[in-house]
Structure formats: C-alpha cells, structure tokens
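So you can see what is in the structure, the chains are spelled out below.
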Amino acid sequence: MSDEEHHFEPRADAGASKTYPQQAGTIRKNGYIVIKNRPCKVVEVSTSKTGKHGHAKCHFVGIDIFNGKKLEDIVPSSHNCDVPHVNRTDYQLIDISEDGFASLLTENGNTKDDLRLPTDESLHTQIRDGFGEGKDLVVTVMSAMGEEQICALKDIGPK
C-alpha cells in the first residue's frame, strides 16, 4: 500500500476528543454531561435503588450550556457517560460589527472575529452599552464540543 491510497483530512484540533468517559454514578450536581449530543450543566441528580434484576439508575436533569434548554437522561450508574471538555477563555473586546459579531483580541495579539454576541438579552445589552460608553471590556468565552459562546463580561475600566 502506498501513501497515495490513504487520504487523511487535516484537522486543527490534533484529533483531541470533544468528550471523555466518566462513570454515571460519579457525576454530581454542577458538573457537566452530554445529553442527546448536547453539552449540559447538571442541575439535578437522583439515583434509584437496584431493582430485582439489574442496576441502580441515575436520573440526570441538565441545562444545555449554549441554548439553555432543559434535557433529561436516565443511565445505569455503573455505565459510562460522556462528559464534555469545557473551557473558558477571556478575550478583550475590540469592536462590535453591525451584524452582531464581536471582534476579540487573543492573548497572542491576533483577532478572533467569528463569535456572535450572546443571545441572552441582558448580557447582550450590557456588552453593547458598555462598549458604547467606551469601557474596556473583557468577555469570557465558553467552548465545548466544537461550539463557542460569550457567557460572561468583565469591566476592566475606561479606555
């Protein structure tokens, strides 16, 4: 077999997994879990006793970290669940375009222009108003499973 027969798609993430396995019985409230292929923050966990045959079951109630939808799942406590790698990164806000995209300054001095302003109304208006007043704003971007969204705002003083 020669190299011409193998076709590999180049990836920027170096093949890193978007999730990692964790036993369902060890996932706690305020942790993260993947429910219906969406990254969720766990808001409620209840465990049922083992039945006549079988496993104790964990009932998870989670809120999607990107769109706020409530999702539920029931998993045997001895089975593995997918847990998303959730990262938070701070960027300085440089500009807001007319179509609602934020221009952010990364740590290495490059700009990141592919993020929309958040859909959360109060955070959206805080960012718009603060930027309009000429404040230096730092936004926190949460990323998980290939998605990114602005989730918090810090004011570091006037420009």
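Bear in mind that the values here come from a model prediction, so they are computed numbers and not experimental data.

Considering the overall build of the chain
Phase 1 of the analysis: What the chain contains, in helices and strands, is one helix and 11 strands.
Phase 2 of the analysis: Counting from the amino terminus, helix and strand elements in the chain follow one another as β-β-β-β-β-β-β-β-β-α-β-β.
Phase 3 of the analysis: Within the span of the chain, comprising 159 residues, buried residues form 31% of the whole.
Phase 4 of the analysis: Excluding contacts between residues fewer than 6 apart, the proportion of contacts in the chain whose partners are at least 24 apart in sequence is 49%.
Phase 5 of the analysis: Summed over all atoms, the accessible surface of the chain reaches about 10400 Å², with 48% contributed by carbon and sulfur.

Focus: helix H1 (residues 121–132)
Phase 1 of the analysis: The first and last C-alpha atoms of H1 sit 16 Å apart over 12 residues, in line with the 16 Å expected at 1.5 Å per residue.
Phase 2 of the analysis: Residues of H1 that are buried: Leu123, Ile127 and Gly130. In a view along the axis of H1, the buried residues occupy a sector of 75°, so they form one face of it. Looking at H1, the residues exposed on the side facing more than 90 degrees away from the buried face are Glu121 and Gly132.
Phase 3 of the analysis: Of the residues flanking the end of H1, it is glycine 134, one or two places downstream, whose phi is positive at about 80°.

A closer look at the nonpolar core
Phase 1 of the analysis: Core analysis: the biggest nonpolar cluster contains 13 residues, and Leu93, Ala102, Leu104, Ile127, Val139, Val141 and Ile150 have the highest contact counts within it.
Phase 2 of the analysis: For this core, the elements supplying multiple residues, two or more each, are strand E7 (87–96), strand E8 (101–105), H1 and strand E10 (135–144).
Phase 3 of the analysis: Those residues in contact with isoleucine 127, other than ones at most four positions away along the chain, are Leu93, Ile96, Leu117, Pro118, Leu137, Val139, Ile150 and Leu153.
Phase 4 of the analysis: Listed in part, the 12 residues of the second largest apolar core include Ala24, Cys40, Cys58 and Cys81.

What to know about the pairing of E8
Phase 1 of the analysis: Two strands pair when backbone bridges link them, and E7 and E8 are joined in this way by four bridges, in the antiparallel orientation. Bridged to leucine 93 within E8 is leucine 104.
Phase 2 of the analysis: Once E7 ends, the chain turns through four residues before running back antiparallel as E8, passing glycine 100 with a positive phi of about 90°.
Phase 3 of the analysis: Looking at chain direction, E8 and strand E9 (residues 111–116) are connected through four bridges and run antiparallel. Of the residues in E9, the one forming a bridge with leucine 105 is threonine 111.
Phase 4 of the analysis: Turn length for the E8-E9 hairpin, with the two strands adjacent in sequence and antiparallel, is five residues, and the turn residue glycine 109 shows positive phi of about 95°.

With respect to a negative patch on the surface
Phase 1 of the analysis: On the surface, Asp95, Glu98, Asp99 and Asp113 cluster together to form a negatively charged patch.
Phase 2 of the analysis: Its place among the elements puts aspartate 95 in strand E7.
Phase 3 of the analysis: For aspartate 95, a relative accessible area of 39% gives the class partly exposed.

Quick notes on the state of the cysteines
Each disulfide is one covalent bond, formed between the sulfur atoms of two cysteines.
Phase 1 of the analysis: Evaluation of the coordinates by the stated rule reveals zero disulfides.
Phase 2 of the analysis: Left unpaired, cysteine 81 is separated from the closest cysteine sulfur, that of cysteine 58, by 7.5 Å.

Description of the sheet that holds strand E2 (residues 32–35)
Phase 1 of the analysis: Pairing in this open sheet of four strands is antiparallel, and the strands run E2-E3-E4-E5 from one edge to the other. Edge strands, defined here as strands with exactly one partner in the open sheet, are E2 and strand E5 (70–76). Recorded for the sheet is a direction-independent mean angle of 45° between the axes of neighbouring strands.

About the criteria used
Residues numbered from 1 in each chain as written. Predicted model: local features only at pLDDT ≥ 70, side-chain atom pairs only at ≥ 80, totals over all residues. Heavy atoms only, no water. Helix = DSSP H or I, 4+ residues; strand = E, 2+ residues; numbered from the N terminus. Buried < 20%, exposed > 50% of the residue type's maximum accessible area, 1.4 Å probe, protein only. Contact = heavy atoms within 4.5 Å. Areas by Shrake-Rupley, 256 points an atom, 1.4 Å probe, with all protein chains shown as cover. Expected span 1.5 Å × (residues − 1). Arc of directions from axis to C-beta. Core = buried A, V, L, I, M, F, W, Y, C linked by side-chain atoms within 4.5 Å. Pairing = 2+ DSSP bridges. Patch = residues over 30% accessible without salt bridge, like charges linked within 9 Å, V, L, I, M, F, W, Y side chains within 5 Å. Salt bridge = Lys/Arg side-chain N within 4 Å of Asp/Glu carboxyl O. Lys, Arg positive; Asp, Glu negative; His and termini not counted. Charge placed at Lys NZ, Arg CZ, Asp CG, Glu CD. Disulfide = S-S within 2.5 Å. Axes fitted to C-alpha atoms, helices over the stretch in contact; angles between N-to-C directions.

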